[in-house]
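# A closer look at the structure
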Amino acid sequence: MNIFLTLDYELFSGANPGTVENTILLPTRKLLEVASKYDARFVFFVDSGYLEKLRQYTDRYPTAKKDYDAVTAQIRELDAAGHDIQLHIHPHWEDCTYDDNGWHMDTSRFRIHHFSEAEIEDIVARYKKVLTDIVGDKVFAYRAGGWCLQPFAKLGPALKKHGIWLDSTVYKEGYNSSATHFYDFRGMPDKSYYRFEDDPVYEEKEGYFHEVPISTFKVRPLFFWKFAWTKKFGKNAHKVFADGIGAGGTSNASMLRMLTRPSNALASMDGLRASLLEKAFVANKRHDPQGNFVVIGHPKAVSPYSLQKLDHFLHALSQRGDDRVTTFSAYANTFIV
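Described in the following lines is the structure provided in the data block. (Residues numbered from 1 in each chain as written. Predicted model: local features only at pLDDT ≥ 70, side-chain atom pairs only at ≥ 80, totals over all residues. Heavy atoms only, no water.)

### Brief notes about the nonpolar core
One finds Tyr50, Leu51 and Phe328 to be the most contacted residues of the largest nonpolar core, which totals 93 residues. A total of eight residues in this core trace back to one element, the largest contributor, which is helix 4 (residues 117–135). Not counting chain neighbours up to four residues away, the residues in contact with phenylalanine 328 comprise Phe4, Thr6, Val43, Phe45, Asp84, Phe140, Ala141, Leu166, Ser168, Val212 and Phe335. (Core = buried A, V, L, I, M, F, W, Y, C linked by side-chain atoms within 4.5 Å. Buried < 20%, exposed > 50% of the residue type's maximum accessible area, 1.4 Å probe, protein only. Helix = DSSP H or I, 4+ residues; strand = E, 2+ residues; numbered from the N terminus. Contact = heavy atoms within 4.5 Å.)

### Topic: the packing of helix 1 (residues 20–36) against helix 3 (residues 62–80)
Packed helix pairs are characterised by how far apart their axes lie and by the angle those axes make with each other. Taken N-terminus to C-terminus, the directions of helix 1 and helix 3 make an angle of 20°; their axes are 11 Å apart at the nearest point. Accordingly, the angle class assigned to the pair helix 1 and helix 3 is roughly parallel. Crossing of helix 1 over helix 3 shows left-handed handedness. Here helix 1 contributes Val20, Ile24, Leu25, Thr28, Arg29 and Leu32 to the contact with helix 3, which in turn contributes Asp67, Ala70, Val71, Gln74 and Leu78. Across the contact of helix 1 with helix 3, the residue classes tally to seven nonpolar, two polar and two charged. (Axes fitted to C-alpha atoms, helices over the stretch in contact; angles between N-to-C directions. Parallel < 35°, antiparallel > 145°, perpendicular 65-115°, else oblique. Left-handed = near helix turned anticlockwise from the far one by under 90°. Nonpolar A, V, L, I, M, F, W, Y, C, P; charged D, E, K, R; others polar.)

### Remarks on the side chain of glutamine 74
Residue placement: glutamine 74 occurs in helix 3. Not counting residues within four places of it along the chain, the set of residues in contact with glutamine 74 comprises Tyr9, Ile24, Leu25, Thr28 and Arg29.

### So, the packing of aromatic side chains
Across all of its chains, the model carries 26 aromatic pairs by this definition. Summarising the aromatic geometry, the rings of phenylalanine 4 and tyrosine 331 are spaced 6.3 Å apart at their centres and angled 70° between planes, so their arrangement reads as edge-to-face. Placement of the pair is phenylalanine 4 in strand 1 (residues 2–9) and tyrosine 331 in helix 10 (residues 328–336), with a sequence separation of 327 residues. The residues phenylalanine 4 and tyrosine 331 share a single accessibility class, namely buried. Here the aromatic rings of tyrosine 98 and tryptophan 103 are separated by 5.0 Å at their centres, their planes lie at 75°, and the arrangement is edge-to-face. Exposure class is identical for tyrosine 98 and tryptophan 103. Each is buried. Taken together through their ring pairs, the aromatic side chains of Tyr50, Tyr57, Tyr61, Trp93, Tyr98 and Trp103 make up a single cluster. Its guanidinium or amino end placed over the ring of tyrosine 175, arginine 186 lies 4.0 Å from that ring's centre, counting from NZ or CZ. (Phe/Tyr/Trp six-rings, centres within 6.5 Å; stacked < 30°, edge-to-face > 60°. Lys NZ or Arg CZ within 6 Å of the ring centre and 35° of its normal.)

Put into structure tokens, the structure is as follows:
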């Protein structure tokens, strides 16, 4: 089985996005310490809109330049070490501003679909260029900010024009409809890889786009009650390194569903969810032994506890030796076949 450990490399989108050091750089270094023990590589989906906007302020504000230099230096180090650097778009950065007091966040246009087709094409072009200016022409994969990928027909032409042909956004039974978010992946193919054209929920065998979905597994409501309790009362081991605040986005209906009946949970290395990595892996391998296992994570959600659980998971994999932690770049030729 091919295992992809993917991380959305980003600040928070709430009023306090967090500091670069504690929210991105430090937890990423902590993750690398674990990965290096097992010669594992991550796939980093970099929030390039943040970098593009930050770069606009580097001439006026020394703090912006310091942050930009630090983040781009780490991205270069990640690339040099063989980790994937791929495209993650949160278009609300178009409306955010920066001054001596830091960021002033505006998430009124959180979804890329709040923009016109011409604006979307411009955003994809600029945001991809931010990454290629750092790591070269290696960017071909995409993950939508907040999973807001649909309606894909409005976004797809821009991705295609700029050489983005692989997506890893969708997940089984994924659905959310809130003031800021919308996506509906219900009815997607029950596969760990397929191709599509105009809608990621419908497979088209000759489609231009390749989908490698985030893996899921069944979880009982008790876990989400435990998750809520730990978030409010958990000990220091559960405290994340990050110092920002998220903007939310999960609808009340989705939250109620998770707390009252079994649901599909994402395979995740974040926080308490990391305790279920092995369970998620076993369930997915039983279902499709030769398929792909895609884990999602965020440096901003890393805690000492989640690092320990990731370490345990990678250690167990190393003992078995029959599964492979890889990157999209390393496996790209197989997807294209």
